[in-house]
Structures are given as structure tokens and as C-alpha cells.
Amino acid sequence: MAPLVLCLWLFLGAAALPTAAHALLASLPTAQNPSQALRWEQQGRELYQAGRFAEAIATWQQALPALTNPMQQATILSNLALAYQQLGQLRDADGAIQAAIARLEGSTGEGRSPVLAQVLDVQGHLQLARGQGDAALASWQQAFEIYEQVGHSLAAPTWRLRNQINQAQALRSLGLYRRAYDQLTHIQQELQDLPDSLVKAAGLRNLGNVLRVTGDLAISRQLLEQSLAIAQSLADPNAVTETLLSLGNTASEQQDTAAALAYYDQVVAIAPPSITLVSAQLQRLKLWLDQRQGDALQRHLPSLLTQMAALPPSRRTVYLRIDLARTFLRLPTAASGAEVPPLISRAQLADLLAIAVQQAQTLQDPRAEADALGTLGQVYEHNRQWIEAKELTRQALLLSQATQASDLAYQWQWQMGRLLAQEGDFSGAIAAYEAAIAALQSLRYDLVGVNPDIQFSFRDEVEPVYRQLVELLLHSEGTTLSQPRLERARWVIESLQIAELNNFLREACLDATQVLDQVIEQQDPTAAVIYPIILPRQLTVILTLPQQPLQAFTIAVDQKTVQQTLDQLRQELVKPQRHRQAQAISQQIYDWLIRPAEESLAQADIDTLVFVLDGELRNIPMAALYDGDRYLIETYSLALTPGLQLIGPKPLQEVELSVIAAGVSEPRSGFSALPHVPLELQTIQSQLPGQTLLNDEFTRAALQTQVQQRPFPVVHLATHGQFSSQASETFIVAWDERIYVDDVQQVLQTRTDAQAGAIELLVLSACQTAAGDRRAVLGLAGVAIRAGARSTLASLWNVNDASTAQLMSAFYQALQTGLPKAEALRQAQLQLLHDQRYWRPLYWSPYVLIGNWL
């Protein structure tokens, strides 16, 4: 493959673009204005709004000498700064805004403060365009203080709200999405109370954009649709096209591809040559790539590249180039059978990014420069030019660290780790990966998104960092792995589980606490913890036994084979007549996970196996693993945990067990009837004291009231529900509504784990994982975390509700005898296994215990 030539191209063209900040132009104070200057000022504003920026500049320059009032001069100069910005003449823009501030510094006249606040607003837009988010935020905060102090009509309410919207934009540019979200939701009601205006449209649009990044997609789309209606009623073309673009982005995140393409098509149809037009074309191209629409790509890519080249320098333009390059870098290689033609060469991508680097340097935007340099390094990495890739990555990392951009630094530390591993420097690679994970953990409050222009993907941009580090830690030139390496690998895979759950829940609500092996041994000396880790070229199992060093078993099977085998087993387990086929496949998985450890488990007198499952293994019931003669549940009690850092073992509290049992037996919320639910609840009530809510008695409010009024150690919900890898598709069905995962905490978690009366056990007896969703068990773990229960019992798929009623009755009978939860579940499962009606794994195996197994 021919090496790429690194060229930094000079930017030659310029084109007008609509104001990215959507700020209203400052208006001249009317007092003491010469009539001609006033006409020129008004004419300049009309030209600006029409996108005729050069003519607006010439007109305002005529007006400026005719004015003697410093505040009038400052207003004209700030408007000139905005016009220069649109033409990419950033040095002139900076000069104009500094001249405006200088005019006001020597002025003490009436009305000075409101004009200064407006000038500071404009300065903030210029700083944000250069990527100076901290400086922009400071300018806007200073302006806000002035508005609050003077009580001027400009400050109430539109200018004050516009200022707060601007502050939220700065926070977004700094990656501080939670703070931006708080800022905008704080003013949401004030926005809704405003009459329709461009300020209201812009505020709703910004809030919709932030909600998209934080995962509240339905509300994001609702607010953006409201913003679009206002923009259309005001006939503002810039606001209309920007909002259509935002709607397309939200629809794309919702995987509503048809709607997203329709929104982007509207932008392409009505927008003049502009950054908004190019952004829509790029987003449309990315969807075509996903759909493998090669013909459309070949027709439209040349035009997109031409229009992108004509855009004047700005941070948004730089990130458009980065986004385009990353889009094509993520495409599968020809060797993997991709159907999309190459379309653009790596040399073209290098040239594209070299221009982005040059523009970022011109803008004096070190963050954007770091992003462009690092992505350019990735192009060289793909081209196997390791020396050039390392040098570009080193430069990107230094810039990222100098600007304290941890969200960028982790990417280049990760990239450096890959490059060092490629060279065989495994110690250096591990150090780079460790630094990347440390940076990621410092970002955990904003892991939902790190860049407004390049969408954040946990699976593509976070999970591989953890997995590749584990692979390096488990790499050994010899025959054994050191204990420190194994301990570190175990910690990293648990940290990945926590990061994944935080990403699912869209907030950093989980903290890892180190659980020492000695603590586990004290609480349950007969428990072993098993960590199966799926890696690209191998499956490694780490075994933790009481009072013994960690052990590791490596099976030479690639990730694709493991995933195919797991998928096949899941399909066979739910078919009543396919138990023999399921046994054969499950024996293969037993040979991978358990067979190498059989002797060690027997010698240590292990009774309970606690699994920290990885990837698609979480969709498989470990109880159904088959050794050729017996199922695993016939030998061991079983439990699952997201990680011992998160959920440590604690014996069942010595309190009288009582239960709040709620269920829905009739068709509800699109789900079929569960006719055996009344019997299930009646049986539980006969075994444990408590309260029962059936059908219309089981409303969200009624359940919440019961849980708040009286501490029930056990909460049993016999109703339909779904677990999904998407929080918006994870819910429990009450009579009156669906209780989504984000609301479970409000309904159930009224006491913390440390308080008396916290929920010991949450039972979800009729819920199931979403069909076709490989990560659906994330939803089950998410519900367990949100409920604040020490243990959660649920099923991986919906089964016969008669067998469920029998299993639940047996489980509670065993629990009352003082057995640990995992052993009580085992006894209940064995009862079904030995019942001629329910002996197939379909009926007894899907029930899993998550969390505390004692």
C-alpha cells in the first residue's frame, strides 16, 4: 500500500454561512442618532439578515464615522464583528469586538451597561467559534450579571434567556452535558411561557439537542418539533433549516431512518450553500452508508466534498471534516465483505484532515487541532504507517492534555496503546491503556456524550478500550499468567460492567468499591466466582476460589464462534421439542466455561457459583449448561452479579419476611393475559404476610404508596415487562401505565441499602428480555440497580405462567426455611426439573438471581 503524503493545504475559498449562534443583531440606541447613520445602520441589518455580509459590512463602515456616541459606535462595531465572522475573517472580527469594548471602557453615559452586555454576548459567540469554550462562558456570565444588575428591559425576559441559552452552548462545547442540561431545563418553563419568537425557537432547539445527547430522545423530538413550528410561523429560513437538521439527528438516534432522511432531504431542498446544508448532506450520507446505498453515495459524495471545501474556517467546519473522515474510517474493510465501494481513498482522507488541522491552527483552537491531528494519526494507523501515526498521535495527546480535554486525551492514549502493541511494546501499551481508562473514569458524569459534532458511541469508543486492555493483560509469552496481571484483568472487566450500566442508565449513579476476596470468604467460604471473558481470538475464564490464587483457563475459540454458539443455544432453549439439540450445544459451552475448573471446584468443596458474565453470555441461563449427564443446577447453586465491586455478598437480614405482591392477569398495555397470576399471588400470600394488589388495584401510585408506608423486604411483581439494552424500551407493566426503568427508583427505592427496611429481594416473575437484542440483560441489571434491591429474581424469557406459579411457591417455601436465596432458587428449579410436565430447560432454566446470593 502506497504511503500517504502529509500535506497542510492552504484555504483559498470563502462562502457565506448563516449565523451559527443564532443571536439577534444588536440594535442602536435611538437617542442622538444622525438620520443618515440610522438609515445605514438599518440597511446594514437588513443586508445581514439576507446573508449579504460583505454589503452589510460596507454599509456599517459608512455609518461608523458619522457617529460620535461611544455606545452607538460600540453597537455598530459588534455588528461588524458578527458579519466578519460569517465571512471567516476572524482577525477582523476580533479587532472589531475589541474596538467596541474599548469605546465603552471610556464611556460613562446612560445606557452603557446594556450595550456592554450585548457586546460581551457577541464576544462570546466569536470565542465559541474559535473553540474557546471557557472564555465564551466567562463572557456570557459577565453579560448575564450586567443584565441582572441593570434591570433593563433588554434583560427581561428575552435577552436574559438568550444569554442562558448561550451559556448552555458553551457548556456543551466543553463536554459538560449534564451542566448544559441543568441550565436549559431550569429555563424550560420560562421558554414555554414566552410568546413565539426566535429566542424561544432557539432555546427549544438547544434543549432538544442536549436531550438527544443525554438520551431523552422522545422529549428531544417533541421540543424540536415545537421549535420547528415556531420557526416556520416566523418564516426564518436559518432557524427552519437548523431545526430540521436537529430533528434529523434525533430521528436518526431513534433509528427512525425514514424520518431522518426526510428531514435531511428538506434541508437539502431549501437551504442555501451553508454549513447547515453540508451538515445535512453528511448526515444523509452516513445513513446511506448504513443502508449500503452505493449508487446514492457515488452520486452525492463529490458534491458534498466540493461544498465542504468552499466553507470558510470555523470550528463547525473543522468537525465536519473530522466526522466525514471518521465515518469512512469506521467502514468494514474489503476483506470483511463490505458491499459499499471505497468511494474515497485514505490519501483523500489525509488531505481532508490536513486542511482541518490547518483551519484549527488558523482559528487558534487547540482542542479542534488535537481532534484533527489524532484522527489524521488514525488514517496513518489504518495505512500501517506506524512512525507517522505515532508522531501525529503524540502531538494530539500533548494538545489534549495541555487543554485538559480528557475526552480527547483518552482517545489518543488508546490509539497510542494500539500502536505500541503493534510494535510489540506490551508494557508501554498497557501503560497507555491504563491512562486511557483513568481518563474515561474521570469523565464518567459525561460518558453519555463527549462531542456535539461526532456522536459518542459506547460500543465503538469506550468498550473496546477495556476489552483490548484485558487482552493485553492476559497476553503471555509463557505458559502462566502472573497474579498481578490476573487481578488487574478481573478489575478491568468489572469496571467495564459498571461503565456499561452507567451508560445504560444515562448517569454515573454507580460507584465501584473494592470487594476483597477475604470478605467473600468470610461471608461465603463455599462460593467461587467465575469471570468468562470473550476476546477476539480466545475465551478466557478467570476463577476465584476461597483462600487460593486466581486461576485462568484459556480456550482457543474466536469471538465470532462463541457468539454464534450462544445465539444458537438461546434459540434452541425456547423451543419445547429441541431439548436434545439444546443439550448438545450447552455441553459445548460447559466445556468452555466449567470443564477446565471441575477439579479445582471439587477440591475446594464449592457449593455456589457466582458468575460475572460477559457480553452475550448474559443472555444464556447458566443453569442449563450440561456436562453430558447433569445440568449445572443439579450440582451448584447459581447467581449472577454485575461485579463484586458493585454488589458484595451479605446474608439475608434477620427480619420477618413480608411481601408486597402485585400482578396483572388481564390483557394490558399490548400484552396478553396471565391467567395463573391470581393463583400465584394467592399462594405467596398464604406463605408470607403482606399486601396484595391485583389488576386495577396495581397502579403505579398504589404500589408506591404501599412501599413508602411499610417496609416490605420482598417486592413480588407478577406482570409483563421487558428488558432491553435501551432504557426507553425497559419497563414493567402496571394496570394504568408502564413503569420505565428510569422511574423504578422513584416507585420502589424509598430506603437505601444501609437503612432498615431496604428491599431484600425484588421478584419479576413474568418479564422477559427483548427479542433480538443481544444486550437486553442490561435492562434487567438496570431495573435491579434502580430498585435498590439487594437481590433480584427474574426470567430471561416469558414462560408458562402455571409453571412460574409452581416455581415461585417452591422458592418461597425454601426461603422460609432459612436457605440462602441462590439455594432456595435451586431447590425450586429442581422441583420443576423433576416434574414430568416441566422437566425441559424451557420451563425451569430462565430464572436468574442477580446480586446478593446469600
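Every chain's residues receive numbers from 1 upward, in the order its sequence appears when written. This being a predicted model, a pLDDT of at least 70 is required before a residue's local features are given, and a value of 80 or more before pairs of side-chain atoms are given or counted; all residues contribute to the totals for chains, interfaces and linings. The side-chain quantities take in all heavy atoms of the structure and omit both hydrogens and water.

### Observations regarding the overall build of the protein
Alright, step 1. Only runs of H or I of at least four residues qualify as helices and only runs of E of at least two qualify as strands under DSSP, and these elements are numbered from the N terminus. When helices and strands are tallied, the protein shows 34 helices and 13 strands.
Alright, step 2. Only protein chains enter the accessibility calculation, which uses a 1.4 Å probe. A residue is then buried if its area is under 20% of the maximum for its type, exposed if over 50%, and partly exposed in between. Across the 854 residues that make up the protein, the buried fraction comes to 59%.
Alright, step 3. Contact between two residues is taken to exist if any of their heavy atoms lie within 4.5 Å; hydrogens are not considered. For the protein, long-range pairs separated by at least 24 residues make up 70% of all intrachain contacts whose partners lie at least 6 apart in sequence.
Alright, step 4. Working definition of accessibility: Shrake-Rupley area with a 1.4 Å probe, residue cover restricted to the visible protein chains. Split by element, the accessible area of the protein, about 33300 Å² in all, is 49% carbon and sulfur.

### Digging into the pattern of salt bridges
Alright, step 1. Counted as salt bridges are all cases of a side-chain nitrogen of Lys or Arg within 4 Å of a carboxyl oxygen of Asp or Glu. Following the criterion strictly, the structure yields 26 salt bridges and no others.
Alright, step 2. Salt-bridge contacts for Arg-488 lead to Glu-434; the nearest nitrogen and oxygen are separated by 2.5 Å. Separated by 54 residues along the polypeptide, Arg-488 in helix H23 (residues 483-505) and Glu-434 in helix H20 (residues 426-442) bring together distant segments of the chain.

### What to know about unusual backbone geometry
Alright, step 1. Non-glycine residue Ser-669 carries a positive phi angle of around 55°.
Alright, step 2. Mapped onto the elements, Ser-669 comes out in the loop between strand S6 (659-663) and helix H28 (677-687).
Alright, step 3. Residue Ser-669 is classed as partly exposed on the basis of its relative accessible area, which comes to 30%.

### Concerning the packing of aromatic side chains
Alright, step 1. Think of it this way: a Phe, Tyr or Trp ring, Trp meaning its six-membered ring, pairs with another when their centres are within 6.5 Å, and the plane angle makes it stacked under 30 degrees, edge-to-face over 60, tilted otherwise. Inspection of the entire model under this criterion finds six aromatic pairs.
Alright, step 2. Ring centres of Tyr-631 and Trp-844 lie 5.0 Å apart, and the angle between their planes is 75°; this geometry places the pair in the edge-to-face category. In this pair, Tyr-631 is assigned in the loop between strand S4 (608-611) and strand S5 (637-640) and Trp-844 in helix H34 (residues 841-844), connecting sequence segments 213 residues apart.
Alright, step 3. Three or more aromatic residues joined by ring pairs make a cluster, and in this case those are Tyr-626, Tyr-631 and Trp-844.
Alright, step 4. Whether a charge lies above a ring is judged from NZ of Lys or CZ of Arg, which has to be within 6 Å of the ring centre and within 35 degrees of the ring normal. Sitting above the plane of the Trp-414 ring, Arg-418 keeps its charged end 4.8 Å from the centroid.
Alright, step 5. The lysine or arginine in question, Arg-738, covers the ring of Phe-731, its NZ or CZ lying 4.1 Å from the ring centre.

### Quick look at the confidence of the model for the protein
Alright, step 1. Looking at the protein, the pLDDT average stands at 83 and 85% of residues meet or exceed 70.
Alright, step 2. Note that residues 1-33 has pLDDT below 50 and, in this model, 98 contacts with residues that lie over four places away or in other chains.
Alright, step 3. Residue-level confidence of the predictor is what pLDDT reports, using numbers from 0 through 100. Note on residues 333-340: pLDDT is under 50 here. Beyond four places in sequence and across chains, it has six contacts.

### A closer look at the side chain of Gln-722
Alright, step 1. Summarising the element assignment, Gln-722 is placed in strand S8 (residues 714-723).
Alright, step 2. Residues adjacent in sequence count toward polar contacts only when both atoms are side-chain atoms; beyond that, a polar contact is any pair of N or O atoms within 3.5 Å, and within protein one must be able to donate a hydrogen and the other to accept it. Of the polar contacts made by the side chain of Gln-722, one reaches the backbone oxygen of Glu-729; its length is 2.9 Å.
Alright, step 3. Excluding residues within four positions of it along the chain, Gln-722 makes contact with Glu-729, Thr-730, Phe-731, Gln-768 and Ala-770.

### Describing the packing of H28 against helix H32 (residues 801-816)
The relative placement of two packed helices is expressed as an angle between their axes plus a distance between the axes.
Alright, step 1. Only the contacting stretch of a helix is used when fitting its axis, a line to C-alpha atoms as for every element, and angles between N-to-C directions run 0 to 180 degrees. Between H28 and H32, the least distance of the axes is 9 Å, while the angle of their chain directions is 10°. Taken together, H28 and H32 sit at an angle that is classed as roughly parallel. In this structure, H28 contributes Val-677, Glu-680, Thr-683, Ile-684 and Gln-687 to the contact, and H32 contributes Asp-801, Thr-804, Ala-805, Met-808, Ser-809, Tyr-812, Gln-813 and Gln-816.
Alright, step 2. Three classes are used, and their members are as follows: Ala, Val, Leu, Ile, Met, Phe, Trp, Tyr, Cys and Pro are nonpolar, Asp, Glu, Lys and Arg are charged, and the others, Gly among them, are polar. A per-class count over the contact of H28 with H32 returns five nonpolar, six polar and two charged. Here roughly perpendicular refers to angles of 65 to 115 degrees, roughly parallel to angles under 35, roughly antiparallel to angles over 145, and oblique to all remaining angles.

### Overview of the environment of Gln-164
Alright, step 1. Within the element layout of this structure, Gln-164 appears in helix H7 (residues 158-173).
Alright, step 2. C-alpha separation for the pair Gln-164 and Phe-144, spaced 20 residues apart in sequence, amounts to 7.8 Å.
Alright, step 3. Here Gln-164 is in contact with Phe-144, Gln-183, His-186 and Ile-187, once residues within four sequence places are set aside.

### Brief notes about helix H15 (residues 315-329)
Alright, step 1. Here the expected span of a helix is defined as 1.5 Å times the quantity of residues minus one. Given a rise of 1.5 Å per residue, 15 residues ought to cover 21 Å, and the 21 Å separating the end C-alpha atoms of H15 matches this to within 8%.
Alright, step 2. Within H15, 14 of the 15 residues are buried, which leaves it mostly tucked inside the rest of the structure.

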